[in-house]
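Structural features, examined
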Amino acid sequence: MSNRPHYAWLVCLGGALALFAVMGLGVNVFSVYQPEIIRLNGFTDAQGSWITTTRSLFILGALLCVNQLCARFGLRRIMTAGVLLVGLSCLCFAYAGSFPMYCAAAALTGVGYCWAGMVPISLAIARWFQDRRGLALGLASAGSGVSTVIAPVLLTRTMAHWGMRTSFLCEGAVVFLCALLVWLLVRDTPGDMGLTSYSLSGAQQPERAALQKSDRGLSSGQWALLLLAALLVGATGGPGFSHLTMLYTSSGYDSLFVAGLLSYLGAMISLGKILCGQVYDRLGGRGGNRFAFGTLLLSLALCCLAPVGGVLLPILAITAFGLGMSITAISPARWAADLCADYESAVRTITLAFTAGMLVFGPLPGLLAGWLGGYVPAYAAFLVLMLAAFLIVQGLYRRRR
């Protein structure tokens, strides 16, 4: 038997590079640019928010057809095209001179984020891995956390010395390089290379997969509950994540300390995705859910204590938050595999519900802060919503058993 690693792990690497580009550089670190875009162009805060809202709307729209595109053109082509679109969006941002141009660039980012994001990567991992799917998905999705750690500091320094246009152009060059590597590494199916999918035993077990699929399926009511849970999770995964800086700066913490927390958060997100994948592999769906939901519930409770002050509580909160953010990447694929009859369609629809939750609850932190004078009430609300989602998902698992 050959000691060479199975090619499936190179496909996993290709997925990590895709998410490094589209989720990490394209979406997560855009907050570095947003204040500068508003300042240089004289935009209002509302216009600045509309740029990111446009991106979210196009993510939602692209999710409606991503499965069909992957089926028609193949995962390799669609993922590479997605990364290329994010690279093109960097060029558009670099030379944008009007508000509509910035919105058009954001739209390209949204489509690219979807085409090279968690839905096609989940499909690729399902095709290439019979075993260790959780670990593979965790490794692939950790790419976005890596860029969140290293990119903000580098881009901020580039903007300070050479301006925002140069920073966007440098980012675009990195994204185009990632697109080339994704094209070279990713293949649609093991059969394209005369291989079989990765298995710990080295033997294929198609009858096991067929049995599992034929024995699953949620009723319409249960399916609605699962989508509701995904919608509620989107509240914490979207606005809960993006308003952490506002929570701690408004609670009196120094901006440099908060910036350090964000870099640390990126590292914890990467670690959390790998750990969560391992937990799902070893303890099954319910055990993995306890890890993902439990760490996020702990983090939200600690976030509610932000006004107490001190260094320890925010560090603990960010640690738990980063570990729990695996729920946005690993859990949807696992829920689809464990609970649903049509895996590919279910991954897409659960991700769609999660993204809708980001939009629905996006204004909540700002509204509550305006009414109640701070961001702690929003995180208390996120805590309640996350607890409800946990009870729904675990209840569905108990019924399926």
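Some thoughts on helix 8 (residues 133-141)
Think of an α-helix as turning once every 3.6 residues; residues three or four places apart then point the same way. Buried residues dominate helix 8, accounting for seven of its nine residues. Taken residue by residue, helix 8 has Gly 134, Leu 135, Ala 136, Leu 137, Gly 138, Ala 140 and Ser 141 as its buried positions. On the buried face of helix 8, the contacting elements are helix 1 (8-25), helix 7 (118-128), helix 9 (143-162), helix 14 (255-303) and helix 16 (331-339).

Comments concerning the packing of aromatic side chains
To describe a pair of aromatic rings, one takes the distance between the centres and the angle between the planes. For the structure shown, the criterion picks out 16 aromatic pairs. A ring pair is formed by Tyr 7 and Trp 128, whose centres lie 5.7 Å apart and whose planes are at 45 degrees; its orientation type is tilted. Here Tyr 7, found in the segment before helix 1, pairs with Trp 128, found in helix 7; they are 121 residues apart in sequence, far enough to count as distant. Accessibility expressed as a relative area gives 16% for Tyr 7, which makes it buried. Judged by its relative accessible area of 0%, Trp 128 is buried. Consider the rings of Phe 93 and Phe 168, whose centres lie 5.1 Å apart with planes at 10 degrees: the pair is stacked. Here Phe 168 lies in helix 10 (residues 164-185) and Phe 93 lies in helix 5 (residues 75-95), a separation of 75 residues in the sequence. Residue classification places Phe 93 among the buried positions, given a relative accessible area of 4%. Given a relative accessible area of 1%, Phe 168 falls into the buried group. Here Arg 76 stacks its cationic end above the ring of Trp 183, 3.7 Å away from the centre of that ring.

What to know about unusual backbone geometry
What you tend to see is this: most non-glycine residues have negative phi, and most peptide bonds are trans. Of note, the phi angle at Arg 132 is positive, near 60 degrees, even though the residue is not glycine. Inspection of the secondary structure assignment puts Arg 132 in the loop between helix 7 and helix 8.

Rules of the game
Residues numbered from 1 in each chain as written. Predicted model: local features only at pLDDT ≥ 70, side-chain atom pairs only at ≥ 80, totals over all residues. Heavy atoms only, no water. Buried < 20%, exposed > 50% of the residue type's maximum accessible area, 1.4 Å probe, protein only. Helix = DSSP H or I, 4+ residues; strand = E, 2+ residues; numbered from the N terminus. Contact = heavy atoms within 4.5 Å. Phe/Tyr/Trp six-rings, centres within 6.5 Å; stacked < 30°, edge-to-face > 60°. Lys NZ or Arg CZ within 6 Å of the ring centre and 35° of its normal.

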